[in-house]
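Below, each chain spelled out in residue letters.
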Amino acid sequence: MWLFSRKGASGFSANSTAEEVTQGIDGSGLTAIVTGASSGIGAETARVLALRGVHVIMAVRNLSAGNEVKETIIKEVSKARVDAMELDLSSITSVRKFALEFNSLGLPLNVLINNAGVMATPFMLSKDNIELQFATNHVGHFLLTNLLLETMKETARKSSQEGRIVNVSSRRHKFTYPEGIRFSKINDQTGYNSLSAYGQSKLANVLHANELARRFQEEKVDITANSLHPGAIATNLFRHHSFVSGLVDALGKHMMKNVEQGAATTCFVALHPDVKGVNGRYYGNCNLAEVSSQANDLQLAKKLWDFTMTLIGQCKT
C-alpha cells in the first residue's frame, strides 16, 4: 500500500496497478521488446502487455530465468504470445547479437521498453571497460535502440501506428554528480559514488529519450520517446546495500510500491491512448512529472549522444 497517493490528471495515482491503467486496451497486433523482463517490474510489464494481446519479446540476461517467467505468463494467459531472447546490456557484443537476431526474424516492432538496469553497484567495469552502471543502464540501451530503429520506423510506416520508445529512468536522475555526466571521468574510480553514478545513468536515460524525441520530430517519424520514474519499489535492485535492503524488507509494504504498481507507469506510457503523440516527456505515477534542469538541457543531450557514439565506436567487438 502506498500511503501518500492522490490521483493526477490521468485519473491514476501511485496506487494504480499496471492492469488497472491498461484496462480495456487492445494491444493485439503490437509487438514489444521489454529488457530485463525476467524479474521485478520488467516481468510484470511483460505479463500485463501479454494480457492485453501484445506479442512480447523478453530480452533477458538469464535465459533460463526468462523462460520460467515466460511459462508462468503462458499458464496464466493462455493466448499469450511471449518469447525470450538472451541479452546482456553490459556487453556491446551481446547487444549487437540480440539486435541482429531480432531483426533477422522479420517481426514488426511497435514498442521498445528499455527497462533493465543495475543500481548502486560497487565500482566495476563492464566487459567493454565502461563503468558498469553507465554501460548497462545507458550505453547498452542506447546501442540497442539505434540498432532497432530502422525496424521501428518501417513498422510505423507499414502499420500507420505510432511507435513508442519507453526509457525507464528514476527520480534519482536529479541526484547525480554536480556536472551531470562525467564525460571525462566515466571510468575514473577516483571520486566514484555508487548512488551518484546510478543517478548519472538515469539522467542519461532521460537525456537519451529527449534527444530521440527531438530527432523524430525533425525527421517527421511517427515514433515517440519518453522516460519515466516507476516509483520506489521493493525489488532486488537494493541488493548491494544491505542496510537499505533491510529497511525495504521491514517497511516496503507500507512505504513503497509493489511490483504491480511499479510497472504501471511503464505500461501506461507504452500503451495508453492518452500518451499518443506525446514526445520527449517524463512521467511519474502515470502522470506528467518534472525533471531536473540538467535533464532539460538540449546541449547536454546532444553532447551525450555524440559521446556515447564515440564510446561505442572505441569498443572492440
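Definitions and cut-offs
Position labels on residues start from 1 in each chain and follow its written sequence. Per-residue local features are limited, in this predicted model, to residues with pLDDT of at least 70; the limit for side-chain atom pairs, both in listing and counting, is 80 or more; totals at the level of whole chains, interfaces and linings are taken over all residues. Think of the side-chain values as coming from all heavy atoms in the structure, minus any hydrogens and water. UniProt positions are given in the numbering used here, feature names are shortened, and annotations may be inferred rather than shown by experiment. Here a helix means four or more residues in a row that DSSP labels H or I, a strand means two or more in a row labelled E, and each is numbered from the N terminus. A radius of gyration in this sense is built from C-alpha atoms; the matching globule rule multiplies 2.2 Å by the number of residues raised to 0.38. Here the term buried applies to any residue with accessible area under 20% of the maximum for its type, exposed to any over 50%, and partly exposed to those in between, with areas from a 1.4 Å probe on protein chains only. Note on contacts: a residue pair qualifies if any of its non-hydrogen atoms lie within 4.5 Å across the two residues. The Shrake-Rupley method, run with a 1.4 Å probe sphere, supplies the accessible areas, and residue values consider only the shown protein chains as cover. Charge assignment in this entry is limited to Lys and Arg as positive and Asp and Glu as negative, and neither His nor the chain termini are counted. For the purpose of locating charges, the reference atoms are NZ of Lys, CZ of Arg, CG of Asp and CD of Glu. Each cavity reported here is a set of points on a 1 Å grid over the protein atoms alone in which a 1.4 Å probe fits but cannot get out, each pocket an open set with protein on both sides within 12 Å along at least five of seven lines, and each lining residue one with an atom within 4 Å of a point. Grid points are joined across faces, edges and corners, and a volume is the space filled by probe spheres set on the points. Only Asp, Glu, Lys and Arg are considered charged, only Ala, Val, Leu, Ile, Met, Phe, Trp, Tyr, Cys and Pro nonpolar, and every remaining residue, Gly among them, polar. Within a predicted model, pLDDT stands for the predictor's per-residue confidence, ranging from 0 to 100. Multiply 1.5 Å by the residue count of a helix minus one, and that product is the helix's expected span. What qualifies as a polar contact is a pair of N or O atoms within 3.5 Å, subject to a donor-acceptor requirement within protein and to the restriction that residues adjacent in sequence count only when both atoms come from side chains.

As annotated in an unreviewed UniProt entry, the protein is NAD(P)-binding Rossmann-fold superfamily protein from Abeliophyllum distichum. In its Sequence similarities (unreviewed entry) section, UniProt records this for the protein: "Belongs to the short-chain dehydrogenases/reductases (SDR) family."

*Asks:* How do you make sense of the overall build of the protein when you look at a structure like this?
*Replies:* Looking only at helices and strands, one finds 10 helices and eight strands in the protein. For the protein, whose C-alpha radius of gyration is 18 Å, the value lies close to the compact-globule estimate of 20 Å for 317 residues. Across its three principal directions, the C-alpha atoms of the protein cover 50 × 45 × 40 Å. With 317 residues in all, the protein has 56% of them scored as buried. Here the analysis covers contacts within the protein between residues at least 6 apart in sequence; of these, 76% occur between residues at least 24 apart. Just so you have it, the protein exposes about 14000 Å², and 51% of that area is on carbon and sulfur atoms. Charged side chains in the protein number 33 positive and 28 negative. The centres of these two groups are separated by 2 Å.

*Asks:* In this structure, what is going on with empty space enclosed by the protein? I would like to understand it.
*Replies:* The probe, sized like a water molecule, is rolled over the atoms to show the empty space still left. Tallying each qualifying case throughout the model produces one cavity of 30 Å³ or more. One number sums up the size of the largest cavity: a volume of about 30 Å³. Looking at the largest cavity, the residues that line it are Glu131, Tyr177, Arg182, Lys185, Ile186, Asp188, Tyr192, Ala197 and Gln200. Residues that form the lining of the largest cavity fall into these classes: four nonpolar, one polar and four charged.

*Asks:* Is there a simple way to think about the confidence of the model for the protein in this case?
*Replies:* Atom-level detail of predicted coordinates should not be read off regions where pLDDT is low. Across the protein, pLDDT averages 93, with 91% of residues at or above 70. Counting contacts from residues 244-248, a segment whose pLDDT is below 50, to residues more than four positions away or on other chains yields six contacts.

*Asks:* Which parts of the structure should I look at to understand helix α6 (residues 194-219)?
*Replies:* Residue pairs three or four apart in sequence face the same way in an α-helix, which turns once every 3.6 residues. For α6, which comprises 26 residues, the first-to-last C-alpha distance of 37 Å matches the rise-based estimate of 38 Å (1.5 Å per residue) to within 8%. For α6, the tally of buried residues reaches 20 of 26 residues, placing the bulk of the element in the interior. For α6, the N-terminal capping position is held by Asn193, with its side-chain oxygen 3.1 Å away from the main-chain nitrogen of Leu195. Just downstream of α6, Lys220 is the residue with a positive phi angle, here 55°.

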